[in-house]
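Summary of structural features
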Amino acid sequence: SNRHAAQVNYFLVALMTLSFGIISMVFGKKYSTPLSKMISSLSKIALGDFSTRVDYKSNDEFGSLALNINNMAKDLSRTTTSINLLETEIELRKKSEEKHRELIQNMHEGVVISSPEGELLFVNPSYAKILGYSHPDELIGKKAPDIYANPDERADLIKKLTRDDFIDGMEIDLLKKDGTVVN
């Protein structure tokens, strides 16, 4: 009878082990397949392949997770495209700015930019040369009224610029470095 009980116990343990093994294989496959697909897709996405999608459709949590991973990949793709377009636009603008800067730097006409308060912010080499300075940096930071022979002319220039948005044919007397007047 003890021997019979031991055989029954042995049979039940064997049956439970076999059942557990079968259940593990069924459920393991059920969970491992979608997880391995998602892990594979996420690895590709992490390496920058934002066109990768998880090929798993289901109405359970794995299906929801796969959908969210796919949406994330789409969003990353759009964001990366936007960043690439912005970087291209920035590069084009830098090149354009450099061309314009070079054009202004090499013009024979004098070009000056001042703040509304009259501080000289930019002077091209020709403007500096016209006023007898060896380098534009000597003028940067000076006050515009200090280089006008008649400081009231600056007020007239500002009025005309404010009214018309441009200046054409207005002559102004300026002071050279040595104090002589240049028109």
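Read on for a plain summary of the structure. Every value quoted in this text rests on a predicted model; they were computed, and no experiment measured them.

A word on the pairing of strand β2 (residues 120-123). Pairing of strand β1 (residues 112-114) with β2, which is carried by 3 bridges, proceeds in the antiparallel orientation. Each residue of the ladder has a partner; that of Ile113, found in β2, is Phe122. Between β1 and β2, which pair antiparallel and follow one another directly, the connecting turn spans 5 residues, one of which, Gly118, has a positive phi of 100°.

Here we take up the pattern of salt bridges. Pairing of side chains with opposite charge becomes possible as their charged atoms draw close. A full pass over the atoms with the stated rule returns 6 salt bridges. A salt bridge links Glu89 to Arg93; the nearest nitrogen and oxygen atoms lie 2.6 Å apart. Of this pair, Glu89 and Arg93 both sit in helix α2 (residues 61-106), separated by 4 residues, roughly a single helical turn. Judged by relative accessible area, Glu89 falls into the partly exposed class, the value being 35%. Overall, Arg93 belongs to the exposed group, its relative accessible area being 56%.

Further remarks concern helix α4 (residues 152-164). With 13 residues, α4 ought to run about 18 Å at 1.5 Å a step, and its terminal C-alpha atoms sit 19 Å apart, in line with that. Of the residues making up α4, those classed as buried are Glu153, Arg154 and Leu157. In a view along the axis of α4, the buried residues occupy a sector of 100°, so they form one face of it. Pointing more than 90 degrees away from the buried face of α4 are the exposed residues Asp152, Lys159, Thr162 and Arg163. Buried residues belonging to α4 abut β1. Following α4 by one or two positions, Asp165 adopts a phi angle in the positive range, close to 70°.

Right, let's talk about the nonpolar core for a bit. Core analysis: the largest hydrophobic core is formed by 14 residues, its most contacted members being Tyr127, Leu131, Leu139, Ile147, Tyr148 and Leu174. Counting residues per element, the ones that place at least two in this core are β2 and α3 (125-130). Apart from the residues within four sequence positions on either side, Leu139 is in contact with Leu120, Val123, Tyr127, Ala128, Leu131, Tyr133 and Ile147. The next biggest cluster of nonpolar side chains, apart from the first, holds 9 residues, and it includes Ile45, Tyr56, Ile69 and Ala73.

Take the layout of surface pockets next. Each pocket or cavity is described by its volume, and for the largest pocket that value is around 680 Å³. Looking at the largest pocket, it is lined by 27 residues, and the ones nearest its centre are Val112, Tyr127, Tyr148, Leu157 and Ile172. Of all the elements in the fold, those that place two or more residues in the lining of the largest pocket are β1, α3 and α4. For the lining of the largest pocket, the leading source of residues is α4, giving 4 residues. Split by residue class, the lining of the largest pocket holds 19 nonpolar, 5 polar and 3 charged.

The rules behind these values
Residues numbered from 1 in each chain as written. Predicted model: local features only at pLDDT ≥ 70, side-chain atom pairs only at ≥ 80, totals over all residues. Heavy atoms only, no water. Pairing = 2+ DSSP bridges. Helix = DSSP H or I, 4+ residues; strand = E, 2+ residues; numbered from the N terminus. Salt bridge = Lys/Arg side-chain N within 4 Å of Asp/Glu carboxyl O. Buried < 20%, exposed > 50% of the residue type's maximum accessible area, 1.4 Å probe, protein only. Expected span 1.5 Å × (residues − 1). Arc of directions from axis to C-beta. Contact = heavy atoms within 4.5 Å. Core = buried A, V, L, I, M, F, W, Y, C linked by side-chain atoms within 4.5 Å. 1 Å grid on protein atoms, 1.4 Å probe; cavity = no way out; pocket = protein on both sides within 12 Å on 5 of 7 lines; lining within 4 Å. Points joined across faces, edges and corners; volume = space filled by probe spheres on them. Nonpolar A, V, L, I, M, F, W, Y, C, P; charged D, E, K, R; others polar.

Remember that the coordinates give geometry; whether it matters functionally is a separate question.
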